[in-house]
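Chain and residue survey
Here is what each chain is made of, one letter per residue.
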Amino acid sequence: MNLRLGVLLAYSCLCAKGASARTHAAYLKSSITCRSNSTHIAWTVPDNTQPHVDLKDRALFGEGSCCWQTRQDAEAILYAYLRFHVMEFDIPFLETMGFDENGGSELPDGLGEGMVGKTIELALQTKIDFEYADELPFEIWREFVLNYANTNEARSNWRPLFWKKLRPLVKENDTIGSVVRTLNTHMWEILSPADQDRIFFEAGSTPLIFDPMSILAFGYASCTGLAILFIDALRTMGVPARIAGTAAWYQKREEGNHNWVEVWRDGEWYFLEPSASKKPGGVDDLDRPPCERWFCTRHRFSDNPSNTTKVYTARLESVQSTYYPLAWELANQDV
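Residues numbered from 1 in each chain as written. Predicted model: local features only at pLDDT ≥ 70, side-chain atom pairs only at ≥ 80, totals over all residues. Heavy atoms only, no water.

With respect to the overall build of the protein
- Counting its secondary structure elements, the protein contains 11 helices and 9 strands.
- Going through the 335 residues of the protein one by one, you find that 53% of them count as buried.
- Sequence-distant contacts in the protein: of pairs separated by 6 or more residues, those separated by 24 or more amount to 64%.
- Here the protein has roughly 15,900 Å² of accessible surface; of this, 52% comes from carbon and sulfur atoms. (Helix = DSSP H or I, 4+ residues; strand = E, 2+ residues; numbered from the N terminus. Buried < 20%, exposed > 50% of the residue type's maximum accessible area, 1.4 Å probe, protein only. Contact = heavy atoms within 4.5 Å. Areas by Shrake-Rupley, 256 points an atom, 1.4 Å probe, with all protein chains shown as cover.)

Structural notes on the state of the cysteines
- Evaluation of the coordinates by the stated rule reveals 1 disulfide.
- Between the sulfur of Cys-291 and that of Cys-296 lies a disulfide, 1.9 Å long from S to S.
- When its relative accessible area of 51% is taken as the criterion, Cys-291 is described as exposed.
- Among the residues examined, Cys-296 registers a relative accessible area of 19% and is labelled buried. (Disulfide = S-S within 2.5 Å.)

Some points on helix H3 (residues 71-84)
- With 14 residues, H3 should cover 20 Å at 1.5 Å per step; its first-to-last C-alpha distance of 20 Å lies within 8% of that length.
- Regarding H3, the residues found buried are Arg-71, Asp-73, Ala-74, Ile-77, Leu-78, Ala-80, Tyr-81, Leu-82 and Arg-83. (Expected span 1.5 Å × (residues − 1).)

Remarks on helix H11 (residues 223-236)
- With 14 residues, H11 ought to run about 20 Å at 1.5 Å a step, and its terminal C-alpha atoms sit 20 Å apart, in line with that.
- Of all 14 residues that make up H11, 14 are buried, and the element is covered over most of its length.
- Positive backbone phi, at 80°, marks Gly-238, one or two positions downstream of H11.

Some points on the packing of aromatic side chains
- One pass over the full model with this rule turns up 17 aromatic pairs.
- Through a chain of ring-to-ring contacts, the aromatic side chains of Trp-249, Trp-260, Phe-271, Trp-294, Phe-295 and Phe-301 assemble into a single cluster.
- Lying across the ring of Trp-141, Lys-127 places its NZ or CZ 5.9 Å from the centre.
- Sitting above the plane of the Trp-249 ring, Arg-300 keeps its charged end 4.4 Å from the centroid. (Phe/Tyr/Trp six-rings, centres within 6.5 Å; stacked < 30°, edge-to-face > 60°. Lys NZ or Arg CZ within 6 Å of the ring centre and 35° of its normal.)

Points about the packing of helix H9 (residues 176-190) against H11
- Direction vectors running N to C along H9 and H11 enclose 125°, while the axes themselves pass 11 Å from each other. Here H11 runs oblique to H9, going by the angle between their axes. The hand of the H9/H11 crossing is right-handed. The segment H9 lies against H11, with Val-180, Leu-183, Asn-184, Met-187 and Trp-188 engaging Leu-226, Leu-229, Phe-230, Ala-233 and Leu-234.
- When grouped by side-chain class, the residues that make up the contact of H9 with H11 number 9 nonpolar, 1 polar and no charged. (Axes fitted to C-alpha atoms, helices over the stretch in contact; angles between N-to-C directions. Parallel < 35°, antiparallel > 145°, perpendicular 65-115°, else oblique. Left-handed = near helix turned anticlockwise from the far one by under 90°. Nonpolar A, V, L, I, M, F, W, Y, C, P; charged D, E, K, R; others polar.)

Looking at the packing of helix H8 (residues 158-166) against H11
- Running from amino to carboxyl end, H8 crosses H11 at an angle of 70°, the nearest separation of the two axes being 9 Å. Overall, the two elements H8 and H11 adopt an arrangement that is roughly perpendicular. Between H8 and H11, the residues in contact are Trp-158, Arg-159, Phe-162, Trp-163 and Leu-166 and Leu-229, Asp-232, Ala-233, Arg-235 and Thr-236, respectively.
- Each residue belonging to the contact of H8 with H11 can be placed in one class, and the counts come to 6 nonpolar, 1 polar and 3 charged.

So this is what it looks like as structure tokens:
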């Protein structure tokens, strides 16, 4: 069976209305509170008034459905999803990343244990631990919580480390907004190297230092690295987040670039900045008016199509011919 067919079949089995009753006990329809537990994972899809809901997901789940799936089956479908959406430049390293193409899980000395297994395990744990994560729509959760990648930063096993260090900050009944503020307030100190007080902003660091583990080692990054670190911390705690930005202000590369963070809450995306160098009173959060950020000005985003700044957001799922321009590698169209 080819991979695309395998993924489609997995989706077609996922809690489809009328299909779960056909002798497959792994999928159980439920009318009670839609909450995951240690043995079963709950998935929700809002009603069709929500513009962010994928049509294919409405067809599979029905309107406003709550469906249950064994954890083992959930892990299998999420593995297939990540494998199907591997970025082109990552394909030579599939087995290193943990995509078991040739039975590598049977290898000794942990040789078959890449980051993908831990990624899925801890992403699902957020649904068990945090109500706000368990309530996320399926298609939002899988692409912006489960996702291990932002751009072409080095792939590494950052999630278990972030979970260990940041998990004590988050409570079951927290909200997405409170988690965003808590992490943006404290993570820069918690994740900093032992010889400094906090991770800080250092202009001109990309692409030398912009993947999470390099930032933890050096203790600084520019806007791209800080955005990636913040996004990865948010995803670790079950908050859907993505990178956004421009590779060239005013469509002129010599004018510089910028990347920031977007967080999904209540059906909409909100943008904010990492507060690595900010004092607690100046921590950015989701409730701040958008154009209080320094770059949100009419001058930068004029009505003139020839020089207005173009902004993009990165996705794991490819969207036709659209790609996320990388200021440090403009020829790369694989993100």
